[in-house]
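Structure at a glance
Residues per chain, in single letters:
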Amino acid sequence: MLYIWQMLQDQITQYTAEINAFDTTSADELEQFRIRFLGTKGIIKDIFDEFKAVSPEEKRTLGKVLNEFKQLAEAKYQALNEITANSQLKAENSDVDLTLPGEGFEIGARHPLALVRREIIEIFNKLGFSVAEGPEIEDDWHNFSALNFPEEHPARDMQDTFFIKKGGEKGDIALRTHTSSVQVRMMEAGQPPFRALMPGRVYRNEAISARAHCFFHQVEGLYVDENVSFADLKQTLFYFVQELYGEGTKVRFRPSYFPFTEPSAEMDISCTICKGDGCQMCKHSGWVEILGCGMVDPNVLENCGIDSKKYSGFAFGMGIERIANLKFEIKDLRLFSENDVRFLKQYKTAII
Ligand code: PHE
């Protein structure tokens, strides 16, 4: 009679030979091997089940043989698994040389206009100015009429304005020519005090050249409250210039005209490039113009539903390109919108 333990011993000898001889680089074949020997319904599980029927005396010797057999199967599986996993990786990346250094990725740069806009906003934030935005497609009322532009004012002319559609509810629809339209929207929506900046893109129908573009960016400011005077306007803008271009930068105001401010002025600063000695930037005058400003015309306040007897205010507006030009000496306006990476890269900054 053949004892169970003898039968098991024979089987183990046979399977051991099979395992020792087994070799593959195929993940599929290896998986079949695993299922056959180590699976939940595999050979080893079967043998262990039969082992339960072996007599206690034989269990000790056979137990050891059985454990060794199991370890052999597991070790084989692990060794081959490593090899097949590696060869699969190599097959997937056959044209990749893993010994080459990695490709670093570059951190992008902020656009110089974005840098300057942020700097302007930060300075006025310290004076309590918030930021307001409005639509780039505007109606005649918000871009012109409410701002006291007479019907026949040349600024409404087709040459300056990109008109989109004739005769909307509030007049012809156009691309806004300045962000003063946002001031109107703000004043219409509430009551003073107002203290806000309006940054944004504006459009004018101009031939594109180094010194003119069909769109550019502005930051306008508005301050309306009781007893706001021209002295407040001067002090606010003087502070702004000291913060932006450094202490000692001089300012001067020249009388000017805007339909929506009275009195109106243009503000010059001492040339930041030559410090007033005279250079190309300031056309040898020592001064460069940076913004327009004035006291909000009472008509504009009334147009927006604000009592002009009780309230007064000032407004100012500047082109961000102009300010960036003076900061970075960018001579050609077109560079701002061409997205030439060689240009943009120069303004890499640690501020993200
Ligand atoms: N809106 C004017 C422009 O586009 C600038 C400005 C704003 C002037 C506010 C005075 C007051 O030129």
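Presented here is a report on the structure given in the accompanying data block.

**A word on unusual backbone geometry**
Following Pro192, the chain continues to Pro193 via a peptide bond in cis, the omega torsion being 5 degrees. Checked against the element boundaries, Pro193 lands in the loop between helix H7 (180-189) and strand E5 (194-203). A positive phi is found at Lys283, a non-glycine position, where the angle reads about 50 degrees. The residue Lys283 is located in the loop between strand E8 (261-270) and strand E9 (287-296) in this model. Of the residues examined, Lys283 reaches a relative accessible area of 70% and is grouped as exposed.

**Comments concerning helix H5 (residues 112-125)**
Helix length check: H5 (14 residues) gives 20 Å between terminal C-alpha atoms against 20 Å at 1.5 Å per residue, within 8%. Three or more residues of H5 are buried, namely Pro112, Leu113, Ala114, Leu115, Val116, Ile120, Ile121, Ile123 and Phe124.

**Focus: the nonpolar core**
The biggest cluster of nonpolar side chains holds 43 residues, and the ones touching the most others in it are Phe124, Phe240, Ile290, Phe316 and Met318. A total of 7 residues in this core trace back to one element, the largest contributor, which is H5. Among the nonpolar cores identified, the runner-up in size contains 21 residues, and Val182, Met187, Leu222 and Ile306 belong to it.

**Quick look at the site of the ligand**
The full set close to the ligand counts 13 residues, and His178, Ser180, Arg204, Gln218 and Glu220 are the nearest of them. Contact distances for the ligand include 2.9 Å between an oxygen atom and a side-chain N or O atom of Arg204. A distance of 2.8 Å is found between an oxygen atom of the ligand and a side-chain nitrogen or oxygen belonging to Gln218. Notes on the ligand: free accessible area 320 Å², of which the protein chains cover 90%.

**Let's talk about the pattern of salt bridges**
This structure, assessed with the given rule, holds 15 salt bridges. As a salt-bridge pair, Lys52 and Asp49 come within 3.4 Å of each other at their nearest N and O atoms. Since its relative accessible area comes to 60%, Lys52 is described here as exposed. Looking at Asp49, the relative accessible area reads 34%, which means it is partly exposed. Its salt-bridge partner being Asp268, residue Arg252 comes within 2.9 Å of it at the nearest N-O pair. Of this pair, Arg252 sits in strand E7 (residues 251-258) while Asp268 is found in strand E8, placing the two residues 16 residues apart along the sequence. Residue Arg252 is classed as partly exposed on the basis of its relative accessible area of 33%. You can call Asp268 buried: its relative accessible area is 2%.

**Re the state of the cysteines**
With the rule as written, the count across this model stands at 0 disulfides. Of all cysteine sulfurs, the one in Cys279 lies closest to Cys274, which takes part in no disulfide; the gap is 3.6 Å. The buried category is assigned to Cys274, whose relative accessible area is 12%. Cys304 carries a free sulfur, and the closest cysteine sulfur to it, the one in Cys293, is 19 Å from it.

**A few points about the side chain of Ser180**
Mapped onto the secondary structure, Ser180 falls in helix H7. The buried category is assigned to Ser180, whose relative accessible area is 1%. At 2.7 Å, the side chain of Ser180 forms a polar contact with the side chain of Glu220. Those residues within four positions of Ser180 in sequence are excluded, and the remaining contacts are Leu147, Glu220 and Phe260.

Calculation notes
- Residues numbered from 1 in each chain as written.
- Predicted model: local features only at pLDDT ≥ 70, side-chain atom pairs only at ≥ 80, totals over all residues.
- Heavy atoms only, no water.
- Helix = DSSP H or I, 4+ residues; strand = E, 2+ residues; numbered from the N terminus.
- Buried < 20%, exposed > 50% of the residue type's maximum accessible area, 1.4 Å probe, protein only.
- Expected span 1.5 Å × (residues − 1).
- Core = buried A, V, L, I, M, F, W, Y, C linked by side-chain atoms within 4.5 Å.
- Near = heavy atom within 4 Å.
- Polar contact = N/O pair within 3.5 Å; in protein donor to acceptor, adjacent residues only side chain to side chain.
- Areas by Shrake-Rupley, 256 points an atom, 1.4 Å probe, with all protein chains shown as cover.
- Salt bridge = Lys/Arg side-chain N within 4 Å of Asp/Glu carboxyl O.
- Disulfide = S-S within 2.5 Å.
- Contact = heavy atoms within 4.5 Å.

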